[in-house]
Amino acid sequence: MISLRLIAAETARVLTGVVLIVSGLLKAIDPVGSALKIGEYLAPILDERWAWSGMISLTLSFVLCAGEFLLGAFLLMGIYRKLSARLSVAFFAGMTFISLYSLFADPVSDCGCFGDAIHLTHFETLLKNIVLLPLSYLVLRDARSLRHLFSRRERWLVAVLAVVGIVVFMVQNYRHLPLVDFRPYRVGTDLRAEMAREDSTLQAGLLATTRYIYERGGQEQAFTPEAIPDSSWRFVKVQEDATLAKYKAKYDFTPMDSLGNPFAEELLADPGVTLLLLAPHWNRASEGSIDEISELYTQSLSMGYRFYGLTASSAQEIADWRYLTGASYPMLLMDATPIRTMIRAYPGLVVLRGGKIIDKRSFTDFPTVEEVSRYLHHLREPNYIAPAPSLACTYLLLAWGALLILGFLRFWARKLHLTLYLKKRIHYPYKRKRSMRKNIVAGNWKMNKTLQEGTAFISELKSALSVKTLHCDVIIGAPFIHLATVASLAEGSPIGIAAENCADKAEGAYTGEVSAAMVASTGARYVILGHSERRAYYGEDNAILTEKVRLALANGLTPIFCIGEVKEEREAGKHFQVVEEQLAGTVFSLSPEDFSKVILAYEPVWAIGTGLTASSAQAQEIHAHIRQLIVKKYGETIADDCTILYGGSCNASNAEELFAQPDVDGGLIGGASLSVEKFLPIIEAFH
Ligand code: 13P
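Residues numbered from 1 in each chain as written. Predicted model: local features only at pLDDT ≥ 70, side-chain atom pairs only at ≥ 80, totals over all residues. Heavy atoms only, no water.

Here's the deal with the nonpolar core
Formed by 71 residues in total, the largest nonpolar core has its most connected members in Leu461, Leu600 and Ile630. Top contributing element to this core by residue count: helix α24 (residues 616-634), with 7 residues. Ignoring sequence-local partners within four residues, the contact set of isoleucine 630 consists of Phe588, Phe595, Leu600, Gly635, Ile638, Ala639, Cys642 and Ile644. Formed by 27 residues, the second largest nonpolar core is a distinct cluster that contains Met303, Tyr305, Tyr329 and Tyr375. (Core = buried A, V, L, I, M, F, W, Y, C linked by side-chain atoms within 4.5 Å. Buried < 20%, exposed > 50% of the residue type's maximum accessible area, 1.4 Å probe, protein only. Helix = DSSP H or I, 4+ residues; strand = E, 2+ residues; numbered from the N terminus. Contact = heavy atoms within 4.5 Å.)

Quick word on the sheet that holds strand β3 (residues 234-239)
Overall, antiparallel pairing links the 3 strands, which are arranged β2-β1-β3 in an open sheet. Of all the strands in the sheet, the pair left with one neighbour each is β2 (219-223) and β3. Mean inter-strand twist for the sheet, computed between neighbouring axes without regard to direction, equals 25°. Where strand β1 (residues 211-216) and β3 come together, 5 bridges link them in antiparallel fashion. Along β3, the bridge assignment pairs tyrosine 214 with phenylalanine 235. (Pairing = 2+ DSSP bridges. Axes fitted to C-alpha atoms, helices over the stretch in contact; angles between N-to-C directions.)

Thoughts on the site of the ligand
Around the ligand, the neighbouring residues are Asn444, Lys446, His531, Glu603, Ala607, Ile608, Gly609, Gly648, Ser649, Leu668, Gly670 and Gly671. In this structure, lysine 446 approaches the ligand through a side-chain N or O atom, which is 2.8 Å from an oxygen atom. Calculation on the ligand without its partners gives an accessible area of 310 Å², and the protein chains cover 95% of this total. Residues that form the shell around the ligand fall into these classes: 3 nonpolar, 7 polar and 2 charged. (Near = heavy atom within 4 Å. Polar contact = N/O pair within 3.5 Å; in protein donor to acceptor, adjacent residues only side chain to side chain. Areas by Shrake-Rupley, 256 points an atom, 1.4 Å probe, with all protein chains shown as cover. Nonpolar A, V, L, I, M, F, W, Y, C, P; charged D, E, K, R; others polar.)

Re the pairing of strand β7 (residues 348-353)
Most of β7 is tucked away, with 6 of its 6 residues classed as buried. Pairing analysis gives 6 bridges linking strand β4 (residues 273-279) to β7, with the strands arranged antiparallel. Looking at the pairing, leucine 277 lines up with leucine 349 of β7. Sheet topology note: the β7/strand β8 (residues 356-362) ladder contains 6 bridges and is antiparallel. Bridging from a neighbouring strand, valine 350 pairs with lysine 360 of β8. Linking β7 back to β8 in an antiparallel pair, the connection comprises 2 residues, with glycine 354 at a positive phi of about 60°.

A few points about the packing of helix α26 (residues 652-659) against helix α27 (residues 676-684)
Between α26 and α27, the least distance of the axes is 8 Å, while the angle of their chain directions is 20°. For the element pair α26 / α27, the angle class is roughly parallel. For the pair α26 and α27, the crossing hand works out as right-handed. Along the contact surface, α26 presents Ala652, Ala655 and Phe659, while α27 presents Lys678, Pro681 and Ile682. (Parallel < 35°, antiparallel > 145°, perpendicular 65-115°, else oblique. Left-handed = near helix turned anticlockwise from the far one by under 90°.)

So, the packing of helix α10 (residues 290-302) against helix α13 (residues 372-380)
It is the contact of α10 with α13, at a shortest axis distance of 10 Å, that shows an interaxial angle of 50°. Judged on the interaxial angle alone, α13 and α10 are oblique. Of the two possible hands of crossing, α10 and α13 adopt the one that is right-handed. Of the residues in α13, those touching α10 at Glu292, Glu295, Leu296, Gln299 and Ser300 are Val372, Ser373, Tyr375 and Leu376. Of the residues contributing to the contact of α10 with α13, the split by class is 4 nonpolar, 3 polar and 2 charged.

Details of the pattern of salt bridges
Under the definition given, this model contains 32 salt bridges. Its salt-bridge partner being aspartate 30, residue arginine 344 comes within 2.9 Å of it at the nearest N-O pair. With arginine 344 in the loop between α12 (336-342) and β7 and aspartate 30 in the loop between α1 (4-28) and α2 (31-42), this residue pair connects regions lying 314 residues apart in the sequence. For the pair formed by arginine 344 and aspartate 30, the shared burial category is buried. Note that lysine 567 and glutamate 571 form a salt bridge whose closest N and O atoms lie 3.9 Å from each other. On the criterion of helical spacing, the pair formed by lysine 567 and glutamate 571 is a turn pair, its members being 4 residues apart in helix α21 (residues 567-571). (Salt bridge = Lys/Arg side-chain N within 4 Å of Asp/Glu carboxyl O.)

Topic: the packing of aromatic side chains
One pass over the full model with this rule turns up 20 aromatic pairs. On the numbers, 6.3 Å between centres and 80° between planes, the contact of phenylalanine 62 with tyrosine 174 is edge-to-face. Note that phenylalanine 62 is positioned in helix α3 (residues 53-77) and tyrosine 174 in helix α6 (residues 152-175), a separation of 112 residues in sequence. Clustering of aromatic rings is evident, with ring pairs tying together Tyr212, Tyr214, Phe223, Trp233 and Phe235. (Phe/Tyr/Trp six-rings, centres within 6.5 Å; stacked < 30°, edge-to-face > 60°.)

Describing unusual backbone geometry
A cis amide bond links tyrosine 346 with the next residue in sequence, proline 347, at an omega value of 5°. Relative to the helices and strands, proline 347 is located in the loop between α12 and β7. One non-glycine residue, tyrosine 80, lies in the positive phi region at around 45°. Inspection of the secondary structure assignment puts tyrosine 80 in the loop between α3 and α4 (81-105). The backbone of lysine 446 shows a phi angle near 55°, a positive value even though the residue is not glycine. Mapping lysine 446 onto the fold places it in the loop between β9 (440-444) and α16 (451-465).

Function cannot be inferred from these measures alone, as they are strictly geometric.
Printed below as a string of structure tokens:
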């Protein structure tokens, strides 16, 4: 059953993931804008005049935008869940601190969380972070239980795609202009009309809110501008709306000519075409398109267009630029901020016709010398407005979306057991009744862990499993001395406890031995028998093992019976024969009823604790062979229902592939069962 806690974690994951993706993408659309915002935050420590300060802000902008997007994407897809959850908690904690600082110190006018697309006040930003910080903690608390769309083997590929995707997207937006322009001055804006509208709104606002204070006979009274009183009143002061006084024009287009005269009206009232080449400071402008600029200027003049440079540069900077590039176009001056708002390129081109912006280009997209003439002729067409920028980035985003959808489809296909069905069709000759055959992940601690370490492990595993939807049984094989304690600790949890051995005698004078009845009395329900280490170091042969299995069954314990060949036998190609003999000499002597209670574990001795694993194909081959032997001995139904585990260096990175084999029903895990961190992902391999 899915717990409320898990639902909370899943919901929090979706909310934080979506916010991170949206805010990351909106910022990544305009990396230069984000760098400018970072520069504003860093102004107290980073002097804008330093040559490398812009580079630092831009690098931070790339890291922040990409990082935010990637965190969100990883959370939503469920890859690198723990790391992503940790980083998002750190991220939101940092952002909460910054928004608190902004609220009190007011270092910037707008926080810039969502680029220029959505503007929040400092208080709204703080509120957003105060909500998201605990949500990200909920995600972190149950990070390992979150559903994932891609397997461990696939996730690196998805991660690489995500990183490449967002970086390419940002570089595109940086080299050209932002894919979507959220600022004023976008292409198509009738600048003249917008500025006039803004002006009249401001005038109307002033008219509506300004009050003239007069006094008569010691009494003060406020009058609207339309109702000024007669001369019997004495004027005291003008009272203006404080918010209007702070009003900042959206269209702060205020160019001046070289003598300092306003030039906006001159530019906007002209019905013809005007080309403005913008750069806040010429000494930082790229010299990569000087030939194109010269050609644009020369041909513009010959076509009767006007061409100006628009800059906030000093006279010296302008002189240097002229010297360097041979520029002879007239220069207009304007504050650097509106120039940066108008265009993110350095230099960039803004084309006006009749006061309307009909094109904007980064220097990387200027028409080549050969294209200039055709381009300028286009500008003359009465309805010409430059087309939107290239869709290359959009395709990239679409590819991304497709990847996500693919992940979702796979997830649901798995949910509906479609993959199982297909696998069965493709590889599996039998009709499988999965309901009878159990998937099991069993740990075998061997001679490891003190009692305290054992109980700590069980408590940790128990709480980790309590928020999971399990798709397999979980068993822990523990030393005798731990059994009673860990069995009572595991009560009420999905963890079953196994002994690692039991005596081949029922009871009596066998000093140091532990009988199956004693094991059962501790609350353990399973017993591992026939392990290769017992066969090799304690001389347990087929006869002893058969007796142990019989006693275990008689005492209500489920034997997990191990078989498997040594290296030399595998190399000699005798592995099929070896497992056949091991089965024939032990559990195949059981009645069908008793045999159907046994769990088998194929453990190639050469793979135990060596780091060598049987490949999934090798495991499937021999598991299928074992099942065939059972078919021959007990018939198809019992063979179909028999759980056969794989053991031998099974771990988080190979479990999913091994367990995906139609005849591998889980694992018997040694080394990787000693820590919950390593054991849990193996359990999760069944999803
Ligand atoms: P390892 O997983 O450490 O190879 O051990 C396997 C095993 O012997 C389980 O019983």
